[in-house]
Amino acid sequence: MREYLLTLCVTAAVTYLLTGPVRKFAIAIGAMPEIRARDVHREPTPRLGGIAMFGGLCAGLLVADHLQNLNSVFELSNEPRALLSGAAVIWLIGVLDDKFELDALIKLGGQFIAAGVMVAQGLTILWLPIPGVGPVSVTAWQGNLLTVALVLITINAVNFVDGLDGLAAGMVCIASAAFFMYAYRIWYGYGIEEAAPATLFAAILMGMCLGFLPHNMHPARIFMGDSGSMLIGLVLAAGAISVTGQVDPDALKLFTGGTREATHAMLPVFIPLLLPLTITAIPIADLLLAVVRRTWQGQSPFAADRGHLHHRLLEIGHSHSRAVLIMYFWSALIAFGAVAYSVHSASMWIVLAIVGLSAGGLVLLLLPRFTPRAPRWAEAFLPPRYRRRRTALATASSDASSPQSAQEAEELTDSGEEAQAEGPPVPAGVNGATAIGHRSRLPHRPGTKTPR
């Protein structure tokens, strides 16, 4: 576990440190497109964040290769090299798209090539666990076809959900954390070495997302772009493919007791097939709804619009940050609920907890205009944009002491982040709207002589 944590921390640190220079590079080469009709941000923001994430992936694999215990993953399996080769292909396609806006069919062809590169090096599905039947071996072309299909679905699902600041990176980080818990349990708990590559991929993927999130949270200073969204989608799919069909059910010693006990015991074998779907349930649902909606309207399935789930959350009244947190909540509930149920499938408390949390999530969806207020003593632990605007309140109170002015000051205090969002957008200059420099959205600090 220490070596996995070290790999995660190195991946996160390299990704975090590379994001700043990558952002300046993206601004210098003009990888900062104009705001489109479907975008929700107000400032032109540089892309190419996937360059930093790919650097973190390479650093994580390099460190793991030199560790005592994780080195065996590279000696006994060719899957890390297959992952790196496929990731390099999809990353290159994404970088070209972030700069030159490639056609959708060209990107789809690049995804096919990346999946084919991994399949050619042995990262493929060998057998499928079928409920009621057991493990079923698949032919080479069937396994290759299923592998390519899973890679394409996962990549496009993550790419579709990348519409709000920090949304895709946070959801994939939650998914990879749940997958790490499952794969580590199979590897360490049952002593099955075939699950070690999937555990390593999940740890590296967590580090990539955690290192990029501080730069990508609202308001984002840089976007991951297709170079990042397709990359993390491919790594997530690679982990699922690595553990699906690679674990021998006989090694788990599950066929004991009666038929009912064996059925419950076989659930951990079925989870590799189901967990990628539960992890990406929300992105895949968004993908299917987008395809049906666009086809029904006579448009291309690859045409962009503002009908995604995160767009609808904003339309019903949720703020940007709250919409992202709601999507985080549902992703964590589905992913960790599936993992918990695989561990104790006979426990009714897990089912009741999932149902109760789902009801709480539905209540949050129905309260878009509810404005939570943090107590005064807790404001020191919150980011500045979530604190009450005491300076504006004090100014309004000193200007007038009438009840009407006091009411206006109270409304100004409660507005919070929404009041800042309504201000004029920062114009895009030579270094970009989000580059280091004057930011008109931030208030002047008292006691300073230079504006910020």
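Up top is the structure.
Just so it is clear, the structure is predicted and the values come from calculations on it, not from any experiment.

Turning next to the overall build of the protein. Looking only at helices and strands, the protein features 19 helices and two strands. By the burial criterion, 48% of the 452 residues in the protein qualify as buried. If you take every contact in the protein between residues at least 6 apart in sequence, the share linking residues at least 24 apart comes to 73%. Total accessible area on the protein is roughly 22,100 Å²; 66% of this is exposed by carbon and sulfur atoms.

Below, the discussion takes up the nonpolar core. Counting residues in each nonpolar core, the largest one holds 95 residues, and the members touching the most others are Tyr 4, Leu 57, Leu 200, Leu 231 and Leu 234. With 17 residues, helix H7 (residues 167-189) is the single largest residue contributor to this core. Excluding its chain neighbours within four sequence positions, the residues that come into contact with Leu 231 are Gly 50, Met 53, Phe 54, Leu 57, Ala 87, Ile 90, Met 208 and Asp 226.

This part is about a nonpolar patch on the surface. Among the surface-exposed residues, Tyr 341, Met 348, Trp 349, Val 351, Leu 352 and Val 355 lie close enough to one another that they form a single nonpolar patch of about 650 Å² accessible area. Here the element with the most residues in the nonpolar patch is helix H16 (residues 348-365); it accounts for five residues. Looking at the secondary structure, you find Val 351 in helix H16.

Turning our attention to the packing of H7 against helix H9 (residues 225-243). With their axes 11 Å apart at the nearest point, H7 and H9 run at an angle of 15 degrees to one another. Our classification of the angle between H7 and H9 gives roughly parallel. You can see that H7 and H9 cross each other, and the crossing is left-handed. Here Ala 168, Val 172, Ala 175, Phe 179 and Tyr 182 of H7 lie close against H9, whose contacting residues are Ile 232, Leu 236, Gly 239, Ala 240 and Val 243. Here the residues of the contact of H7 with H9 are counted per class, giving nine nonpolar, one polar and no charged.

We now examine the environment of Leu 210. Inspection of the secondary structure assignment puts Leu 210 in helix H8 (residues 196-216). According to the relative accessible area criterion, Leu 210 is partly exposed, its value standing at 39%. Considered as a pair, Leu 210 and Ala 12 are 198 residues apart in the sequence and their alpha carbons are 5.8 Å apart. The residues contacting Leu 210, other than those within four sequence positions of it, are Leu 8 and Cys 173.

This structure, assessed with the given rule, holds eight aromatic pairs. Ring centres 5.6 Å apart and planes at 90 degrees place the aromatic pair Tyr 4 and Trp 187 in the edge-to-face group. Here the residue Tyr 4 occupies a position in helix H1 (residues 2-28), and Trp 187 occupies one in helix H7, the gap between them amounting to 183 residues. Judged by its relative accessible area of 2%, Tyr 4 is buried. For Trp 187, a relative accessible area of 19% translates into the label buried. Arranged with centres 4.6 Å apart and planes meeting at 10 degrees, the rings of Phe 54 and Trp 91 form a pair that is stacked. Taken as a pair, Phe 54 in helix H2 (residues 49-65) and Trp 91 in helix H4 (residues 79-100) lie far apart in primary sequence, 37 residues in all. You'll find Phe 54 and Trp 91 in the same group, each marked buried. Clustering of aromatic rings is evident, with ring pairs tying together Tyr 4, Phe 180, Tyr 184 and Trp 187.

Once that is clear, we can look at H9. Across its 19 residues, H9 extends 28 Å between first and last C-alpha, which sits within 8% of the 27 Å expected from 1.5 Å per residue. Across the 19 residues of H9, 19 count as buried, placing the element largely inside the fold.

An ideal rise of 1.5 Å per residue puts 39 Å on 27 residues; H1 measures up with 39 Å between its terminal C-alpha atoms. At Thr 19, H1 shows its largest bend, some 30 degrees, and a proline, Pro 21, comes one to four positions later. Every buried residue of H1 is listed here: Glu 3, Tyr 4, Thr 7, Leu 8, Thr 11, Ala 12, Thr 15, Thr 19, Val 22, Arg 23, Ala 26 and Ile 27. Lining the buried residues of H1 we find H2, H7 and H8. Gly 30 sits one or two positions beyond H1 and adopts a positive phi of about 80 degrees.

Cut-off values and rules
Counting restarts for each chain: residues are numbered from 1 in the order of the written sequence. Residue-level local features of this predicted model are given only where pLDDT is at least 70; pairs of side-chain atoms are given and counted only at 80 or more, and the full residue set underlies all totals for whole chains, interfaces and linings. With hydrogens and water excluded, all non-hydrogen atoms of the structure serve as input to the side-chain values. In DSSP terms, a helix is any run of H or I states spanning at least four residues, a strand is any run of E spanning at least two, and both are numbered starting from the N terminus. Relative accessibility under 20% of the residue-type maximum defines a buried residue, over 50% an exposed one, and the middle range a partly exposed one, all with a 1.4 Å probe and only protein chains included. Pairs of residues are marked as contacts when any of their non-hydrogen atoms sit within 4.5 Å. Every accessible area reported is derived by Shrake-Rupley at a probe size of 1.4 Å, with residue values counting cover from the shown protein chains alone. For the purposes of this section, nonpolar cores are sets of buried Ala, Val, Leu, Ile, Met, Phe, Trp, Tyr and Cys residues that join through side-chain atoms within 4.5 Å. Patches here are clusters of residues that have more than 30% relative accessible area and form no salt bridge, with a 9 Å joining cutoff for like charges and a 5 Å cutoff for nonpolar side chains (Val, Leu, Ile, Met, Phe, Trp, Tyr). A pairing counts as a salt bridge when a side-chain nitrogen of Lys or Arg comes within 4 Å of a carboxyl oxygen of Asp or Glu. Orientation is described by lines fitted to C-alpha atoms, with helices fitted over the stretch in contact, and by angles between N-to-C directions that extend from 0 to 180 degrees. Reported orientations rely on four angle classes, namely roughly parallel under 35 degrees, roughly antiparallel over 145, roughly perpendicular from 65 to 115, and oblique for the rest. Each crossing gets its handedness from the near helix: less than a right angle anticlockwise from the far helix is left-handed, clockwise is right-handed. Polarity classes work like this: nonpolar for Ala, Val, Leu, Ile, Met, Phe, Trp, Tyr, Cys and Pro, charged for Asp, Glu, Lys and Arg, and polar for all others, with Gly in that last group. Any Phe, Tyr or Trp ring, taking Trp's six-membered ring, that has another such ring centre within 6.5 Å forms a pair; planes under 30 degrees apart are called stacked, those over 60 apart edge-to-face, and the others tilted. Take the residue count of a helix, subtract one, and multiply by 1.5 Å to get its expected span. To get the bend at a given residue, fit one axis to the seven residues ending there, fit another to the seven starting there, and take the angle between those axes.

In short, geometric facts, not functional conclusions.
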